[in-house]
Amino acid sequence: MTSFKSDTITYKAYAYQNGNYPIEIVDETIKLVKGPGPSDEFVAPPGKILLKINYAALNPVDYKLYHMKPSFLRFYNNKQGFGRDFSGEVLSIGANTSTQVKVGDFVEGIYTPVLDKGSCAQYLLLDPKVSPITTKPSNIDLVQASAWPLVLGTAMQLSKGLQYKDSKVLVLGAGTSVGRYVVQLARIGGAREVVTTNSARAESLIRELGATEQIDYRKHPNFLNPVLESVKTSGEFNYIIDCWGGAQLFPEIDNILVKGGEYRTIVGDTPGHGLGAVFGTIKSALRTIVSKLGLLDYLYQFAFLKNTDNWIDNARDLIEEGKVKIFVDHIYPFEQLKEAVERLVSGKAEGKVILEVAKPEN
Ligand SMILES: NC(=O)c1ccc[n+]([C@@H]2O[C@H](COP(=O)([O-])OP(=O)(O)OC[C@H]3O[C@@H](n4cnc5c(N)ncnc54)[C@H](OP(=O)(O)O)[C@@H]3O)[C@@H](O)[C@H]2O)c1
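Analysis parameters
Residues numbered from 1 in each chain as written. Predicted model: local features only at pLDDT ≥ 70, side-chain atom pairs only at ≥ 80, totals over all residues. Heavy atoms only, no water. Buried < 20%, exposed > 50% of the residue type's maximum accessible area, 1.4 Å probe, protein only. Helix = DSSP H or I, 4+ residues; strand = E, 2+ residues; numbered from the N terminus. Pairing = 2+ DSSP bridges. Phe/Tyr/Trp six-rings, centres within 6.5 Å; stacked < 30°, edge-to-face > 60°. Domains from an automatic or database assignment. Contact = heavy atoms within 4.5 Å. Buried area = accessible area lost by both parts, 1.4 Å probe. Salt bridge = Lys/Arg side-chain N within 4 Å of Asp/Glu carboxyl O. Polar contact = N/O pair within 3.5 Å; in protein donor to acceptor, adjacent residues only side chain to side chain. Nonpolar A, V, L, I, M, F, W, Y, C, P; charged D, E, K, R; others polar. UniProt positions renumbered as here; feature names shortened; annotations may be inferred. Near = heavy atom within 4 Å. Areas by Shrake-Rupley, 256 points an atom, 1.4 Å probe, with all protein chains shown as cover. Core = buried A, V, L, I, M, F, W, Y, C linked by side-chain atoms within 4.5 Å. Axes fitted to C-alpha atoms, helices over the stretch in contact; angles between N-to-C directions.

### Remarks on the pairing of strand E12 (residues 193-198)
For E12, the buried fraction is high: six of the six residues fall into the buried class. Along E12, one buried face is formed by Glu 193, Val 195 and Thr 197 and the opposite face, lined by Val 194, Thr 196 and Asn 198, is buried too. The sheet contact formed by strand E11 (residues 168-172) and E12 spans five bridges and is parallel. Of the residues in E12, the one forming a bridge with Lys 168 is Glu 193.

Here it is in structure tokens:
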């Protein structure tokens, strides 16, 4: 076990009060506990893993949380951390910690507590019972390691229990980081047809990942008609997986999905982070309830990434076996979080926007 000579680690991290205040570099601390060895040696507290962070990948949820945090919550936590995805090195593991990772391992994962610290920080102390963590696959570097946990995990959650074999699948927002993995998982699962919405710039890549037909959402801002054309040509869809958000298909949904088919979304009826998005989420939540009551001819689900079972180890294996590709758009130095966030919200990023917290030593 690595031990420290002081009971406090002081480090730099990005934090904010709420969306009315900037996201700034602040001083943060982590408290350690006395180790089992000499009395002047300190280690991670019981049940916790101490990490040195190398890279943090940004996700739209980071920015949504920043904007949606109610003002009064800044009195609860006025140093809320930014970022969920991380890669780095395990420095210390507290007593009685149930984990597969070891001190010295290079790892990646998701820091899940929402009103707490964030991964855009030099150190993190996490509880592996709530924050998924796994060892870095040997075939990728630490930049790529930070780029996949939240988005591949979400794509796996979206695909959970679906029988892709010989199915016809519609992936809305296939160019998003989550969508790129959904297309790959549908292909791996043996889908017969994978129809996607994405812009022309991503056309050849999305085809390579597994799309059999593509609808350019820029040419067809309302893509209901091209989707109905696809139904006319090769039948209804078994599954619709929405990675961008929208409600364009609902007027004709019974003609688009087979009876008993599934519609899963991670965004709801309205993309974005404003008041409209809140109403869109409420509409989707109500549709989920109506679906659960068996009042629809199809199953509808608003899916969230959950830290259940050992999905992160399964995801790690998919990467190590070279079955899925990782996409990195741009790496920004630690001081340039503002620029990194601008890139994230521009909608132009093709893959993950990454913050370099510390270059790996070798
Ligand atoms: N519920 C959950 O647990 C959960 C988890 C993760 C993410 N999410 C949400 O899922 C959404 C996607 O996240 P992400 O990180 O995958 O996104 P992202 O990588 O930031 O998405 C960027 C891509 O979106 C595509 N895009 C832009 N406008 C579009 C439009 N009108 N229609 C379809 N695609 C469009 C563009 O692709 P092309 O132009 O190249 O086609 C662009 O490259 C976000 O709203 C995020 O908050 C939810």
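This is not the end of the story, as more comes after the structure.
### Focus on the packing of aromatic side chains
Throughout the structure, instances matching the rule amount to ten aromatic pairs. Between Tyr 164 and Tyr 239, the ring centres sit 6.0 Å apart and the planes meet at 85°, which makes this aromatic pair edge-to-face. Taken together, the positions of Tyr 164 in the loop between helix H3 (149-159) and E11 and Tyr 239 in strand E14 (residues 237-242) put the pair 75 residues apart, joining distant regions of the chain. According to the relative accessible area criterion, Tyr 164 is buried, its value standing at 5%. In this structure Tyr 239 comes out as buried when scored by relative accessible area, which is 10%. Site record: aromatic cluster; members linked through ring pairs are Tyr 16, Tyr 63, Tyr 66 and Phe 82.

### A look at the domain arrangement of the protein
You can read the domains of the protein as domain 1 (8-148 + 327-356) and domain 2 (152-302). Each of domain 1 and domain 2 was reduced to a C-alpha centroid, and the two centroids are 31 Å apart. The interface is formed by twelve residues belonging to domain 1 together with twelve residues belonging to domain 2. Counting each side, the surface lost to burial between domain 1 and domain 2 is near 1,100 Å², with a carbon and sulfur contribution of 55%. Among the residues of domain 1 in contact with domain 2, Trp 148, Phe 327 and Glu 350 are the three that bury the most area, contributing 53% of the side total. At the boundary of domain 1 with domain 2, the tally comes to one salt bridge. Salt-bridge contacts for Arg 201 lead to Glu 350; the nearest nitrogen and oxygen are separated by 3.7 Å. Applying the counting rule to domain 1 against domain 2 returns two residue pairs in polar contact (both at pLDDT 80 or more). Looking at the side of domain 1 that touches domain 2 residue by residue, the classes come out as five nonpolar, three polar and four charged.

### Examining the UniProt feature "domain: Enoyl reductase (ER)" (unreviewed entry) in the protein
Mapped onto this structure's residue numbering, the UniProt feature "domain: Enoyl reductase (ER)" (unreviewed entry) falls at residues 37-355. Within the segment residues 37-355, helix and strand shares are 30% and 25% respectively, and the terminal C-alpha atoms sit 36 Å apart.

### As for the site of the ligand
Surveying the vicinity of the ligand reveals 26 residues, the closest of which are Lys 64, Ser 177, Ser 199, Arg 201 and Tyr 217. At 3.2 Å from a nitrogen atom of the ligand is found a side-chain nitrogen or oxygen belonging to Trp 244. Measuring from a nitrogen atom of the ligand, one finds a backbone N or O atom of Ala 303 at 3.1 Å. For the ligand, the protein covers 88% of the area, taking 950 Å² as the surface of the free molecule. Of all the secondary structure elements, the ones that give two or more residues to the shell around the ligand are helix H1 (60-68), H3 and helix H4 (177-188).

### Looking at the nonpolar core
In this structure, Trp 148, Leu 152, Tyr 164, Val 171, Tyr 181, Val 182 and Ile 241 are the most contacted members of the largest nonpolar core, which totals 45 residues. At the level of elements, strand E5 (49-58), helix H2 (142-147), H3, E11, H4, helix H5 (203-209), E14 and helix H9 (311-320) are the ones that each hand at least two residues to this core. In this structure, this core is formed jointly by two domains, domain 1 (8-148 + 327-356) and domain 2 (152-302), each of which donates at least three residues. Membership of the second largest hydrophobic core comes to 31 residues, among which are Tyr 16, Val 101, Leu 124 and Leu 344.

### Side note on the sheet that holds strand E16 (residues 299-302)
Strands sit in the order E13-E12-E11-E14-E15-E16 across an open sheet of six strands; the sheet is parallel. Of all strands in the sheet, those bounded by a partner on one side alone are strand E13 (213-216) and E16. On average, each strand axis in the sheet is inclined to that of its neighbour by 15°, with strand direction left out of account.

### As for the sheet that holds strand E6 (residues 80-81)
Here we have three strands laid out as an open sheet, ordered E2-E1-E6, and antiparallel in their pairing. Of all strands in the sheet, those with a lone pairing partner are strand E2 (24-31) and E6, marking the two edges. Bridging between strand E1 (residues 8-16) and E6 involves two bridges; their strand directions are antiparallel. Among the inter-strand pairings, Ala 15 is bridged to a residue of E6, identified as Gly 81.

### A word on helix H6 (residues 224-234)
By the burial criterion, the buried members of H6 are Leu 224, Pro 226, Val 227, Ser 230 and Val 231. Contacts made by the buried residues of H6 are with E11, E12, E13, E14 and helix H7 (253-256). Backbone geometry just after H6 places Gly 235 at a positive phi near 95°.

### Some remarks on the side chain of Thr 154
Within the secondary structure, Thr 154 is located in helix H3. For Thr 154, a relative accessible area of 7% gives the class buried. Setting aside chain neighbours within four positions, we find Thr 154 in contact with Val 178, Ile 266 and Leu 305.

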